[in-house]
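Listed below are the residues making up each chain.
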Amino acid sequence: LLRARDAPTPTRTPTRPYAAAADAARATAPRRELGAVYNDWTKDEVRALYARPLLELVFDAAKTHRMHHDPRQVQQCTLLSIKTGGCPETCNYCAQSSSWKGETKLKAEKLMGVEEVIEAAKRAKEAGSTRFCMGTAWRGPSQVGAGQFERVLEMTKEVRDMGMEVCATLGMLTPEQALKLKDAGLTAYNHNLDTSPEYYDKVTSSRKYEDRLNTIAAVREAGISVCCGGILGLGEEESDRASLMTVLATLPEHPESVPINALVPVEGTPFKDMTPPSGLEMVRAIAVARILMPATVVRLSAGRVNMSPETQALCFMAGANSVFTGDKLLTTPNNEKSEDSFLFEELGLEGRPAFVPYAAGAASSDGSEWKHMKHEL
């Protein structure tokens, strides 16, 4: 199933004692109904899911997927970096940190203008995207002047008026900032946990795991849907991946969407020599996410450019139902439009329209405030 284009298999051998871990968890865990939504998963249960033979896992994930989603629909999203470089954070995988700008040679840029962003959103919509995501290399809006945050609010309103779902990732938010984004019409807010609580201090030293959770809580309280996932290939163990999934699946409400990213190593960053996950490791993570969070949209995100069509097909089979389109994901390369068009046609996939209610997430995604929006099903 894997071709030379796939990311190389990691040199480490994941510890996955199938029989021992899975049998022990089955013996002690409460009986779970496939496809039902639970928020009380235990680490042992999630580790047992990870320990299952891959084809069995994908089979159950595919069944779960069809209980809650149209398996042919895959949402196309576009992510635009509206403020690139100069970030004060120290995420070891990210080229945008000012801490290693000398090594990455990435120059800090000013926040884009409203009209420039609107034109990019129009191009994205014409290309088939129904969700437009805007990212800034900020610690958070509190780091910058009020005028810049107001400009982002204006961008949000303008893109929403175009009939697109709007997502933003601006760093840490206060409850007041989250409410302003909600009032501007923001559909969802992306704030990834990246990895497990246990491994997080190996990824960044400029913030705590609790900081991420506090922003997620502020977003949820404001009535904005949560987009929250992680990155594979940061040097973590499989137990860390299970721990991350446990955190996501035990939030008070499952995230409306969970992006699963594969590290794309960037020259000059501290993680430049990390080995990205294999295609099958991505399939396994997506299948686990789908079973744990049945109604959530699982987004196949960064690193897809290194996957063969066959691996991507397995990801969709396992429950992925969203991809990012466009030539870049913030600062890393992405699949070309022609490749995605061929893949969708070959697999019989179709794009998901904007403003179709999401089964998971807060009110801004369940359709309750979209009744005035028109879309074609």
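Please read these numbers as outputs of a predicted model, since none were measured by experiment.

Student: Whenever I open this one, the overall build of the protein chain confuses me. Can you help?
Tutor: Counting its secondary structure elements, the protein chain contains 12 helices and 12 strands. Every one of the 377 residues in the protein chain was classed for burial, and the buried ones make up 59%. Roughly 16000 Å² of accessible area belongs to the protein chain as shown, and the carbon and sulfur atoms make up 53% of that amount.

Student: Would you take a moment to explain the packing of aromatic side chains for this structure?
Tutor: The geometry of an aromatic ring pair is captured by two quantities: the separation of the ring centres and the angle between the planes. Applying the stated criterion across every chain, the model contains two aromatic pairs. Consider the rings of Y38 and W41, whose centres lie 5.9 Å apart with planes at 85°: the pair is edge-to-face. By the burial criterion, Y38 is buried, and W41 matches it. Centroid distance Y200 to Y209: 5.1 Å. Interplanar angle 80°. Geometry classified as edge-to-face. Owing to a relative accessible area of 6%, Y209 belongs among the buried residues under this scheme. The cationic tip of R32 hangs over the ring face of W41; the distance from NZ or CZ to the ring centre is 4.6 Å. A cation sits over an aromatic face here: R352 above Y358, 4.0 Å from the ring centre.

Student: What exactly am I supposed to notice about the nonpolar core here?
Tutor: Formed by 80 residues in total, the largest nonpolar core has its most connected members in F132, L181, Y189, M245, I260, L292 and L300. Here this core takes nine residues from helix α10 (residues 279-292), the largest share from any one element. The residues touching L181, leaving out its near neighbours within four places in the chain, are F149, L153, L170, L173, L186, Y189 and I224. By size, the runner-up hydrophobic cluster in this structure holds eight residues, among which are Y93, Y199, V203 and L234.

Student: Could you clarify how one ought to interpret the packing of helix α2 (residues 43-51) against helix α9 (residues 238-249) in this entry?
Tutor: Pairs of packed helices are described in terms of their axes, by the angle between the two and the distance that separates them. Across the interface, α2 lies against α9 with an axial gap of 9 Å and an inter-helix angle of 125°. On the basis of the axis angle, α2 is oblique to α9. With respect to the hand of their crossing, α2 and α9 are arranged in right-handed fashion. Residues K43, V46, R47 and Y50 of α2 lie in contact with α9, whose contacting residues are E238, S239, R241, A242, S243, M245 and T246. Looking at side-chain class alone, the contact of α2 with α9 contains four nonpolar, three polar and four charged residues.

Student: I keep staring at helix α6 (residues 146-161) and nothing clicks. Help me out?
Tutor: Compared with an ideal rise of 1.5 Å per residue, which puts 16 residues at 22 Å, α6 spans 23 Å between its outermost C-alpha atoms and is within 8% of the ideal. Within the span of α6, buried status applies to F149, V152, L153, M155, T156, V159 and R160. All buried residues of α6 lie within an arc of 155° about the axis, which places them on one face of the element. Those residues of α6 that are exposed and angled more than 90 degrees off the buried face are A146, G147 and D161. Where α6 is buried, its residues contact β1 (73-83), α5 (114-126), β2 (131-136), β3 (165-169) and α7 (175-184).

Student: Which parts of the structure should I look at to understand the environment of H191?
Tutor: Its location among the elements puts H191 in the loop between β4 (188-190) and α8 (209-221). Judged by relative accessible area, which is 3%, H191 ranks as buried. Sequence-distant contacts of H191, that is, excluding residues within four places in its chain, are made with G171, M172, D211, R212, T215, I216, C227 and C228.

Student: Would you explain a negative patch on the surface in this entry?
Tutor: Together, E115, E154, E158 and D161 line one region of the surface with negative charge. Looking at the negative patch, the element that brings in the most residues is α6, giving three residues. Mapped onto the secondary structure, E154 falls in helix α6.

Student: Explanation requested: the environment of S196 in the structure shown.
Tutor: Tracing the backbone shows S196 in the loop between β4 and α8. For S196, a relative accessible area of 0% puts it in the buried group. A C-alpha to C-alpha distance of 8.7 Å links S196 and G230, two positions 34 residues apart in sequence. S196 has contacts with Y209, D240, S243 and L244, leaving out every residue within four places of it along the chain. A distance of 2.8 Å separates polar atoms of two side chains, one belonging to S196 and the other to D240.

Student: Could you clarify how one ought to interpret the packing of α9 against α10 in this entry?
Tutor: At a minimum axis separation of 10 Å, α9 and α10 run at an interaxial angle of 25°. As far as their axial angle goes, α10 and α9 are roughly parallel. Crossing of α9 against α10: the hand is right-handed. Residues E238, R241, M245 and A249 of α9 lie in contact with α10, whose contacting residues are E281, R284, A285, V288, A289 and L292.

Student: Got a minute to help me understand the pairing of β1 in this structure?
Tutor: The side chains of a regular strand alternate between the sheet's two faces. In terms of residue burial, β1 counts as a mostly covered element, since 10 of its 11 residues are buried. Pairing analysis gives two bridges linking β1 to strand β12 (residues 350-351), with the strands arranged parallel. Of the residues in β12, the one forming a bridge with Q73 is E350. Inspection of the sheet shows β1 paired to strand β9 (residues 320-325) by four bridges, in the parallel sense. Bridge assignment links T78 to a residue of β9, and that residue is T325. As defined by bridge partners, β1 adjoins β2 across six bridges and the pair is classed as parallel. Residue pairing in the sheet places L79 in a bridge with C133 of β2.

Conventions we followed
- Residues numbered from 1 in each chain as written.
- Predicted model: local features only at pLDDT ≥ 70, side-chain atom pairs only at ≥ 80, totals over all residues.
- Heavy atoms only, no water.
- Helix = DSSP H or I, 4+ residues; strand = E, 2+ residues; numbered from the N terminus.
- Buried < 20%, exposed > 50% of the residue type's maximum accessible area, 1.4 Å probe, protein only.
- Areas by Shrake-Rupley, 256 points an atom, 1.4 Å probe, with all protein chains shown as cover.
- Phe/Tyr/Trp six-rings, centres within 6.5 Å; stacked < 30°, edge-to-face > 60°.
- Lys NZ or Arg CZ within 6 Å of the ring centre and 35° of its normal.
- Core = buried A, V, L, I, M, F, W, Y, C linked by side-chain atoms within 4.5 Å.
- Contact = heavy atoms within 4.5 Å.
- Axes fitted to C-alpha atoms, helices over the stretch in contact; angles between N-to-C directions.
- Parallel < 35°, antiparallel > 145°, perpendicular 65-115°, else oblique.
- Left-handed = near helix turned anticlockwise from the far one by under 90°.
- Nonpolar A, V, L, I, M, F, W, Y, C, P; charged D, E, K, R; others polar.
- Expected span 1.5 Å × (residues − 1).
- Arc of directions from axis to C-beta.
- Patch = residues over 30% accessible without salt bridge, like charges linked within 9 Å, V, L, I, M, F, W, Y side chains within 5 Å.
- Salt bridge = Lys/Arg side-chain N within 4 Å of Asp/Glu carboxyl O.
- Lys, Arg positive; Asp, Glu negative; His and termini not counted.
- Charge placed at Lys NZ, Arg CZ, Asp CG, Glu CD.
- Polar contact = N/O pair within 3.5 Å; in protein donor to acceptor, adjacent residues only side chain to side chain.
- Pairing = 2+ DSSP bridges.

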